[in-house]
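Chains, contacts and geometry: an overview
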Amino acid sequence: MMYAVLLLALVATVLGFTSGPPVGSTYPNLCTDMIPTGHNGGMSRADDTDNPPYTITASADEYMRGSSLTVTITGTGGNQFEGFFIQARRADPARDNDVAIGTFSSPPATTQLLTCHNVENSAWGHSNSMTRSSIEATWTAPAQDEGPIKFMATIVKGVPDRDYFYLNVMSSQISFNATGGVTGAPTQQPVTPTSGVVTPTSGGPSHSRSVSVTLALVAALLASFLSIHKY
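Residues numbered from 1 in each chain as written. Predicted model: local features only at pLDDT ≥ 70, side-chain atom pairs only at ≥ 80, totals over all residues. Heavy atoms only, no water.

As annotated in an unreviewed UniProt entry, the protein carries the name Ferric-chelate reductase 1 and comes from Acanthaster planci.

1. Section: unusual backbone geometry
A positive phi angle, near 55°, is found at Asn40, a position not held by glycine. Structurally, the position occupied by Asn40 is in the loop between helix H2 (30–33) and strand E1 (54–58). Relative accessible area serves as the criterion here: at 28%, Asn40 is assigned to the partly exposed category. Look at Asn121: it is not a glycine, yet its phi comes out positive at around 65°. Its place among the elements puts Asn121 in strand E7 (residues 119–126). Judged by its relative accessible area of 29%, Asn121 falls in the partly exposed class. (Helix = DSSP H or I, 4+ residues; strand = E, 2+ residues; numbered from the N terminus. Buried < 20%, exposed > 50% of the residue type's maximum accessible area, 1.4 Å probe, protein only.)

2. Considering the packing of aromatic side chains
For the coordinates displayed, the defined rule picks out 9 aromatic pairs. Judged by centre distance (5.7 Å) and plane angle (85°), the rings of Tyr54 and Phe81 are edge-to-face. With Tyr54 in strand E1 and Phe81 in the loop between strand E3 (68–75) and strand E4 (83–90), the pair connects residues that are 27 residues apart, well separated along the chain. In this structure, Tyr54 and Phe81 share a single accessibility class: buried. Judged by centre distance (5.9 Å) and plane angle (40°), the rings of Phe104 and Trp124 are tilted. Separated by 20 residues along the polypeptide, Phe104 in strand E5 (residues 103–105) and Trp124 in strand E7 bring together distant segments of the chain. A residue is classified by how much of its surface remains accessible, and Phe104, at 2% relative accessible area, is buried. Taken together, the ring pairs connect Tyr54, Tyr63, Phe81, Phe84, Phe104, Trp124, Trp139, Phe151, Tyr166 and Phe176 into an aromatic cluster. (Phe/Tyr/Trp six-rings, centres within 6.5 Å; stacked < 30°, edge-to-face > 60°.)

3. Points about the pairing of strand E9 (residues 149–158)
Within E9, 8 of the 10 residues are buried, which leaves it mostly tucked inside the rest of the structure. Strand direction decides the pairing type here: E4 and E9, joined by 8 bridges, are antiparallel. Among the inter-strand pairings, Phe84 is bridged to a residue of E9, identified as Ile155. In this structure, E9 lies alongside strand E10 (residues 161–170), joined through 5 bridges in antiparallel fashion. Bridging across to E10, Ala153 finds its partner in Val169. Turn length for the E9-E10 hairpin, with the two strands adjacent in sequence and antiparallel, is 2 residues. (Pairing = 2+ DSSP bridges.)

4. As for the state of the cysteines
As enumerated under the stated definition, the model contains 1 disulfide in all. Between the sulfur atoms of Cys31 and its disulfide mate Cys116 the distance is 2.0 Å. Torsion about the S-S bond of the Cys31 and Cys116 cystine: about -75°, corresponding to left-handed handedness. One end of the pair, Cys31, is in helix H2; the other, Cys116, is in strand E6 (residues 111–116), and 85 residues separate them in sequence. (Disulfide = S-S within 2.5 Å.)

5. Regarding the pairing of strand E8 (residues 134–140)
Burial along E8 is one-sided: the face carrying Ile135, Ala137 and Trp139 is buried and the face carrying Ser134, Glu136, Thr138 and Thr140 is not. Summarising the sheet, E3 and E8 pair through 7 bridges and their orientation is antiparallel. Note on E8: the bridge partner recorded for Ser68 is Thr140.

6. Some points on the sheet that holds E8
Across the sheet, which stays open at both edges, the 4 strands sit in the order E1-E3-E8-E5 with antiparallel pairing between neighbours. Each edge of the open sheet is held by one strand with a lone partner, namely E1 and E5. Across the sheet, the mean angle separating the axes of adjacent strands is 30° when strand polarity is ignored. (Axes fitted to C-alpha atoms, helices over the stretch in contact; angles between N-to-C directions.)

Rendered as structure tokens:
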């Protein structure tokens, strides 16, 4: 029995984790350093780690409190990938940038939402060994100002190159917009002040009174005219 357990552990170490990033107590540092120790002991065999053939893009270059962005991971130059593990991190070096920020949602099939730093859905990763050329999900910002952020990922190329992976694949910086709330919230239109003069509509009580006053005035003028010019 002991040999079977050791064999399973060895297989996991050699082949990596096809069921997804093993976050949790077994690998307590994974959520912070994002190093896939199940792949060649965490040492990548790729010789182009400074120029990863993958990009991370967001649907906007700024976010607001509670707003949502679409985040996309794409292989460039025909490259595909099998495994990935992504979080949003603070970009300001003066602040703690080792914890995940915000939450993910709407994960496609063959991917999963993960709990990091005791926050559910704060990370997103693969859930099987399927190869992909592009994949996307939704990220929602927290209710507080986190300053500028970046999306950071570890991406594993996959079979037959499971030991070829890329750390710290980064998106462009996304700024915080402090002037707004949730993206798409209705905007109240300004009210144009009136002059204070009420224009009555036809057929209403004010219109009837106006007609009566006008007729009475005409009758009085006519009577006065006749009294002056009578024979």
